[in-house]
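If you want the building blocks of each chain, they are given just below.
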Amino acid sequence: MASIDTADLKRMFDEIAVAIEADKDRLCQLDGVIGDADHGIAMGLGFGAVRDALASLDLAATEPTALLNTAAKSFLNAVGASSGPLYATAFMRGAAAVKGKAILADADFIALFQAMAQGIQDRGKAEIGEKTMVDAWLPAAQAAAAADAAGKTLAESLTVALEAAERGAQATKDMIAAKGRSSRLGERSLGHTDPGAASAVTVIGAIRKGLG
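Here's what I pulled together on the structure shown here. (Residues numbered from 1 in each chain as written. Predicted model: local features only at pLDDT ≥ 70, side-chain atom pairs only at ≥ 80, totals over all residues. Heavy atoms only, no water.)

## Regarding the environment of K152
- Considering the arrangement of structural elements, one finds K152 in the loop between α6 (134-149) and α7 (154-171).
- Note: C-alpha distance between K152 and Q29 (123 residues apart in sequence) is 36 Å.
- With residues up to four places along the chain from it excluded, the contact list for K152 reads A147 and S157. (Helix = DSSP H or I, 4+ residues; strand = E, 2+ residues; numbered from the N terminus. Contact = heavy atoms within 4.5 Å.)

Right, here's the structure in full:
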């Protein structure tokens, strides 16, 4: 069983910032087909701001909830539109899920992960099949929860979460966008991966790497 503290969560966010920065151009290219070509830039700004904000925290005196709320505030300040409120809500929901805990067990982190996905869905008011990041996040959270319930380790649970996210993102190619700017394209959005789902895979992969 893993035990995750604030320092581990900071390292996870550092890993996400690195992964998003490396993937920024691809995400912008994906967004250029069905959006404003700025998704990679926005995600890079958001997670860069989170990394910088967490760097100044006294980790020994900071509980996971406070770290996650700091992440939410800094992401939203950096990215006020589109993905900003979605990820800010995700981090705030995650913070609430582990409130009062200084050390997180496997099940605690899975609950945090599920709360993040639910926050993104609630804030975006999206369902699976509408060609959004929910198509990656929700299957990932469901897969992680099922794996944890079956007694898998956190690393194993996050691996199946990543696989589910990858399948979900791939499936968005066959969907017509129903939410956001890309919905204006109608059937022209067919055949293209949703950039939000693609970046969700990058984020979840970095979470697995950071904590696995």
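## Structural notes on the pattern of salt bridges
- Applying the stated criterion across every chain, the model contains 8 salt bridges.
- D14 is the salt-bridge partner of K10, the closest N and O atoms lying 2.8 Å from each other. Of this pair, K10 and D14 both sit in helix α1 (residues 6-34), separated by 4 residues, roughly a single helical turn.
- Given the relative accessible area of 18%, K10 is considered buried.
- Looking at D14, the relative accessible area reads 21%, which means it is partly exposed.
- E15 is the salt-bridge partner of K209, the closest N and O atoms lying 3.5 Å from each other. Of this pair, K209 sits in helix α8 (residues 195-211) while E15 sits in helix α1; the two residues are 194 residues apart in sequence, bridging distant segments of the chain.
- Here K209 falls in the exposed class, since its relative accessible area comes to 60%.
- Classification of E15 as partly exposed rests on a relative accessible area of 21%. (Salt bridge = Lys/Arg side-chain N within 4 Å of Asp/Glu carboxyl O. Buried < 20%, exposed > 50% of the residue type's maximum accessible area, 1.4 Å probe, protein only.)

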